[in-house]
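Inside the fold
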Amino acid sequence: MTNSIEEIENARALFVIGSNTTETHPVIGYRVKMAKKKGALLIVADPRKIDLAEHADVFLQLRPGTNEALLNGMINVIIQEGLVDEEFIRKRTEGYAEMAAAVQKYTPEYVETITGVAADDLRRAARLYAGAESAAILYTMGITQHTKGTDSVLAVANLAMVTGNVGKPGSGVNPLRGQNNVQGACDMGALPNVFTGYQRVDSSEALAKFRKAWGVKLNPKPGLTVTEIIDAILQDKIKALYVMGENPALSDADLHHVIKALEKVEFLVVQDIFLTETAALADVVLPAAAFAEKQGTFTNTERRVQMVRPAVKPPGEAKADWLILTELASRLGMKWRYETPEDIFKEIAALTPSYAGISYRRLEEEGGLQWPCPGSGHPGTPFLHQDKFSRGKGLFTPVEYRPSAEEPDEQYPLLLTTGRNLFHYHTGTMTRRSDGINAFKPEETVQINPDDADRLAIGEGDMVKITSRRGDLKARATITDRVPPGVIFMTFHFHEAAANLLTNSAVDPVAKIPEFKVCAVKVEKEQ
């Protein structure tokens, strides 16, 4: 997030796109509703009539996989109607002319043919967003989990910059992280191409720094992403796999393909707090401590580093992740000298410029700090890019719409899009072990529009078979106009009806993220 959670309440306009905020990020969803009560304008773009659509000044119900066309259309209106922030563009950005030329053909009428969003609704949304004193964009995986997700993120940035909605309170580009430490994991180098703080592994300067600190040789070649690892196993290029706190046997696209790789790999280690579907396939399972059983820090979605402390002891043989890794390193002959989590954090601060001013003492005394925090006297950074962008000038990027990897056809006439619900989380590793939560949502249902249900002779509560080119599953139908005709929706929380048996493993060429949000399916009533 370029900005902070508390700023949401004071934004004058909010544009929520590809985010079912009240269910997947309920605390932030509450802030959005509070902003609305304070008079903020609310624009919501989503294939489904999510809860926030009921509160929106403009609801843009677009076809799945058409985000970049919608965003280009809004920018087209803003430029054509003279609503751009000319001073911001002139002083703070570059590449505007090329971007403006690219969106010229994305008139509201043309965008309507792609997205299904009425041209007048698109115009109104663009005017509301551009006319606000401060406007924030909130998005999640409805933007990113596409074969053109990177382009959609760039289009979001274009929209924010063309209106000058970056570098000031209540504005910005704000991806909402799906877990309590996703941001922290990325910050710590849990990506194949960077060290901590996004210092590239192929940078000679970064390599020299980390080689000196760790006293070992380091490979300057970026590693593989999750999707590339699965493919590499099936190509006999990877012989061992170590999985920590992840359940790819339920969470990854095209599960038959994934499980085939997990069964094929010669040595599979899983480190987790419960015996997940992935752990059940492992050669070795290492029991890890849960969040309330260990000490350390989390970095949340607004870049805020906060302390966590153990409330209870880990059960049985479970240990904190850092301790498991340290003991494993010792058995492999490495001489790591970490005695406490604080020892590790001191190393993080020493090697990571954005964390340099953060310490356990400051976190204890101040309760949390937002990076970048480059020095011990620095207060942290509530919002980014106040005076200049990290690259100097913000770069506009021309973006073109292209169809999703898989479109409906005669054999598979419906589109499946996936997501989460309020009651369960991710693959249900924790939430489905709660009787209280299961009472609210005991089984998976597939949402089907009444028009499609009538055509297919499907009634409320009927069992249906859903089939894609990759697999099939059975689930109970719920008939609702929350989804438009031609679209069905499922979550991926339930192993009994695993939506990712159906989803497409085609990936974004840059981010390597699978296209979870769009795949072609057919639905049949179970006889």
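To keep things clear, this report deals only with the structure shown in the data block.

Rules used throughout
Residues numbered from 1 in each chain as written. Predicted model: local features only at pLDDT ≥ 70, side-chain atom pairs only at ≥ 80, totals over all residues. Heavy atoms only, no water. Axes fitted to C-alpha atoms, helices over the stretch in contact; angles between N-to-C directions. Helix = DSSP H or I, 4+ residues; strand = E, 2+ residues; numbered from the N terminus. Parallel < 35°, antiparallel > 145°, perpendicular 65-115°, else oblique. Contact = heavy atoms within 4.5 Å. Nonpolar A, V, L, I, M, F, W, Y, C, P; charged D, E, K, R; others polar. Phe/Tyr/Trp six-rings, centres within 6.5 Å; stacked < 30°, edge-to-face > 60°. Buried < 20%, exposed > 50% of the residue type's maximum accessible area, 1.4 Å probe, protein only. Lys NZ or Arg CZ within 6 Å of the ring centre and 35° of its normal. Expected span 1.5 Å × (residues − 1). Core = buried A, V, L, I, M, F, W, Y, C linked by side-chain atoms within 4.5 Å. Salt bridge = Lys/Arg side-chain N within 4 Å of Asp/Glu carboxyl O. Patch = residues over 30% accessible without salt bridge, like charges linked within 9 Å, V, L, I, M, F, W, Y side chains within 5 Å. Areas by Shrake-Rupley, 256 points an atom, 1.4 Å probe, with all protein chains shown as cover. Pairing = 2+ DSSP bridges.

It is at 9 Å that the axes of helix H3 (residues 67–80) and helix H5 (residues 96–103) come closest, and there the two elements cross at 110°. By the angle between their directions, the pair H3 and H5 is classed as roughly perpendicular. Between H3 and H5, the contacting residues are Asn 72, Ile 75, Asn 76 and Ile 79 on the first element and Tyr 96, Met 99, Ala 100 and Val 103 on the second. Residue composition of the contact of H3 with H5, by class: six nonpolar, two polar and no charged.

Let us look at the packing of aromatic side chains. Within this structure, the stated rule accounts for twelve aromatic pairs. Their ring planes at 20° and their centres at 4.3 Å tell us that Phe 195 and Phe 210 sit as a pair that is stacked. Of this pair, Phe 195 sits in the loop between helix H10 (182–187) and helix H11 (204–214) while Phe 210 is found in helix H11, placing the two residues 15 residues apart along the sequence. An identical accessibility class is assigned to Phe 195 and Phe 210; each is buried. Three or more aromatic residues joined by ring pairs make a cluster, and in this case those are Phe 195, Phe 210 and Trp 214. Lying across the ring of Trp 371, Arg 303 places its NZ or CZ 5.8 Å from the centre.

One turn of the α-helix equals 3.6 residues, which is why residues spaced by three or four share an orientation. Over its 13 residues, helix H7 (residues 119–131) extends 18 Å from the first C-alpha to the last, a length consistent with the 18 Å expected when each residue adds 1.5 Å. Within H7, the full set of buried residues consists of Ala 119, Leu 122, Arg 123, Ala 125, Ala 126, Leu 128, Tyr 129 and Ala 130.

Right, let's talk about the nonpolar core for a bit. Formed by 45 residues in total, the largest nonpolar core has its most connected members in Phe 15, Ile 17, Leu 70, Tyr 129 and Leu 159. A total of seven residues in this core trace back to one element, the largest contributor, which is H3. Setting aside chain neighbours within four positions, we find Phe 15 in contact with Ile 43, Ala 45, Leu 70, Leu 71, Met 74, Tyr 129, Ala 136, Ile 137, Leu 138 and Leu 159. Grouped together as the second largest cluster of nonpolar side chains are 24 residues, Ala 453, Ile 488, Ala 497 and Val 523 included.

Below, the discussion takes up the pattern of salt bridges. Tallying each qualifying case throughout the model produces 33 salt bridges. A salt bridge links Lys 525 to Asp 462, with the nearest nitrogen and oxygen atoms 3.5 Å apart. In this pair, Lys 525 sits in strand S21 (residues 519–525) while Asp 462 sits in the loop between helix H19 (450–455) and strand S16 (463–467), placing the two residues 63 residues apart along the sequence. Each of the salt bridges in this network shares a partner with another, and the network as a whole consists of Glu 406, Asp 409, Arg 469 and Arg 470.

As a further point, take a nonpolar patch on the surface. Residues Tyr 242, Met 244, Leu 328, Leu 332, Met 334 and Trp 336 make up a contiguous nonpolar surface patch of about 560 Å² in total accessible area. As for its placement among the helices and strands, Leu 332 is situated in the loop between helix H15 (321–331) and helix H16 (341–351).

Attention now goes to the pairing of strand S19 (residues 504–507). Pairing between S19 and strand S20 (residues 514–515): two bridges, direction antiparallel. Residue Asn 504 lies in a different strand from S20, and its bridge partner there is Glu 515. Connecting S19 to the next strand, S20, in antiparallel fashion are six residues, including Lys 512 with a positive phi near 65°.

The next thing to look at is the sheet that holds strand S2 (residues 41–45). In spatial order, the strands read S3-S2-S1-S5-S6; together these five strands make up an open sheet with parallel pairing. Looking at which strands have only one partner, the edges of the open sheet turn out to be strand S3 (58–60) and strand S6 (172–175). Put simply, the sheet's adjacent strands are angled 15° from each other on average, direction ignored. Each of strand S1 (13–17), S2, S3 and strand S5 (135–139) is contacted by H7, which is oriented at about 125° to S3, the strand it contacts most. The sheet contacts of helix H9 (residues 149–162) involve S1, S5 and S6, and relative to S5 the element is tilted by about 170°.

Looking now at the sheet that holds strand S7 (residues 240–244). Ordered in space as S7-S8-S9, the three strands form an open sheet in which the pairing is parallel. At either end of the open sheet lies a strand with only one pairing partner, and these are S7 and strand S9 (284–287). Along the sheet, successive strands turn relative to each other by an average axial angle of 15°, direction set aside. In this structure, S7 lies alongside strand S8 (residues 267–272), joined through five bridges in parallel fashion. Along S8, the bridge assignment pairs Met 244 with Gln 271.

Omega for the peptide link from Trp 371 to Pro 372 comes to 0°, which places this bond in the cis form. Looking at the secondary structure, you find Pro 372 in the loop between strand S12 (369–370) and strand S13 (394–395). With a phi close to 65°, Tyr 198 is a non-glycine residue in the positive phi region. By secondary structure assignment, the location of Tyr 198 is in the loop between H10 and H11. Relative accessible area serves as the criterion here: at 33%, Tyr 198 is assigned to the partly exposed category. A positive phi angle, near 50°, is found at His 426, a position not held by glycine. Secondary-structure assignment places His 426 in the loop between strand S14 (414–419) and helix H18 (435–440).

Moving on to the environment of Glu 23. Tracing the backbone through its elements, the reader meets Glu 23 in helix H1 (residues 21–24). By relative accessible area, which is 18% here, Glu 23 ends up buried. Residues Glu 23 and Leu 176, spaced 153 residues apart in sequence, show a C-alpha to C-alpha distance of 12 Å. Setting aside residues no more than four positions away along its own chain, Glu 23 makes contact with Asn 421, Leu 422 and Arg 482.

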